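Fold and geometry: a report
What follows is the residue order along each chain.
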Amino acid sequence: MTFFTYHLQKISDRLDSFFRFALFITLSAMIVLITAQIIFRVFFTALSWSEELSRYLLVWSSFIGTTVAFKKGAHIAVTFLVDLLPARMQKIVQTLSCILMAIFFGVTIWYSIFLFNVQIFQVSPAMGIKMRYIYMIIPISFSVLCVHLLNQFVHIWLPAAKKEA
């Protein structure tokens, strides 16, 4: 394994560990918050901000969960045709898939940064949070997806990196 592939694998793994922890925190916070909202609605006065925060936590956990699932290879894929191809053709098809994903990730990062900058003055109605902080997860998560994708691409063409990792 080369210096580059070793460190790329380490970065990808550390990002995955951090995002797994962040996913745990956001989902736990959402469960606690929704439970508190139910209790307050039944026994006290409903919390005006909890529904909005729950929605934002759901959005964040969805994008964070996307990175975790991508790293694990847990997204839906129909591979029966690719599996029938010879090994060299499988690599070519997987490379084409990586290129298409990289284009999609790049376009998404580009437009999410544009969206992030457009939201400079908009604030959320109940909590008064700047919406740019809510939208910030999009370029962050897709940047992490790019790191995982680069790591996946390296493993396609350097199987030795996969065995030693």
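Report follows, based on the coordinates. (Residues numbered from 1 in each chain as written. Predicted model: local features only at pLDDT ≥ 70, side-chain atom pairs only at ≥ 80, totals over all residues. Heavy atoms only, no water.)

**Let's talk about helix H4 (residues 87–118)**
For H4, with 32 residues, the first-to-last C-alpha span of 46 Å sits near the 46 Å given by 1.5 Å per residue. On its buried side, H4 packs onto helix H2 (50–72), helix H5 (131–135) and helix H6 (137–157). (Helix = DSSP H or I, 4+ residues; strand = E, 2+ residues; numbered from the N terminus. Expected span 1.5 Å × (residues − 1). Contact = heavy atoms within 4.5 Å.)

**Digging into the packing of aromatic side chains**
Scanning all chains against the criterion turns up 7 aromatic pairs. The cationic tip of Arg-132 hangs over the ring face of Phe-116; the distance from NZ or CZ to the ring centre is 4.5 Å. (Phe/Tyr/Trp six-rings, centres within 6.5 Å; stacked < 30°, edge-to-face > 60°. Lys NZ or Arg CZ within 6 Å of the ring centre and 35° of its normal.)

**Here's the deal with the side chain of Ser-112**
As for its position among the elements, Ser-112 is in helix H4. Discounting residues that sit within four places of it in the chain, Ser-112 has contacts with Ile-138 and Pro-139.

**Side note on the environment of Lys-10**
Along the chain, the position of Lys-10 falls in helix H1 (residues 3–43). Through-space distance from the C-alpha of Lys-10 to that of Asn-151 is 9.7 Å; in sequence the pair is 141 residues apart.

**Details of the nonpolar core**
The biggest cluster of nonpolar side chains holds 16 residues, and the ones touching the most others in it are Phe-19, Ile-64, Phe-70, Phe-105, Phe-142, Leu-145 and Leu-149. Among the secondary structure elements, those contributing two or more residues to this core are H1, H2, H4 and H6. Tallying contributions element by element places H6 first for this core, with 7 residues. Filtering out sequence-adjacent residues up to four positions away, Ile-64 remains in contact with Phe-19, Ala-22, Leu-23, Thr-26 and Ile-137. (Core = buried A, V, L, I, M, F, W, Y, C linked by side-chain atoms within 4.5 Å. Buried < 20%, exposed > 50% of the residue type's maximum accessible area, 1.4 Å probe, protein only.)

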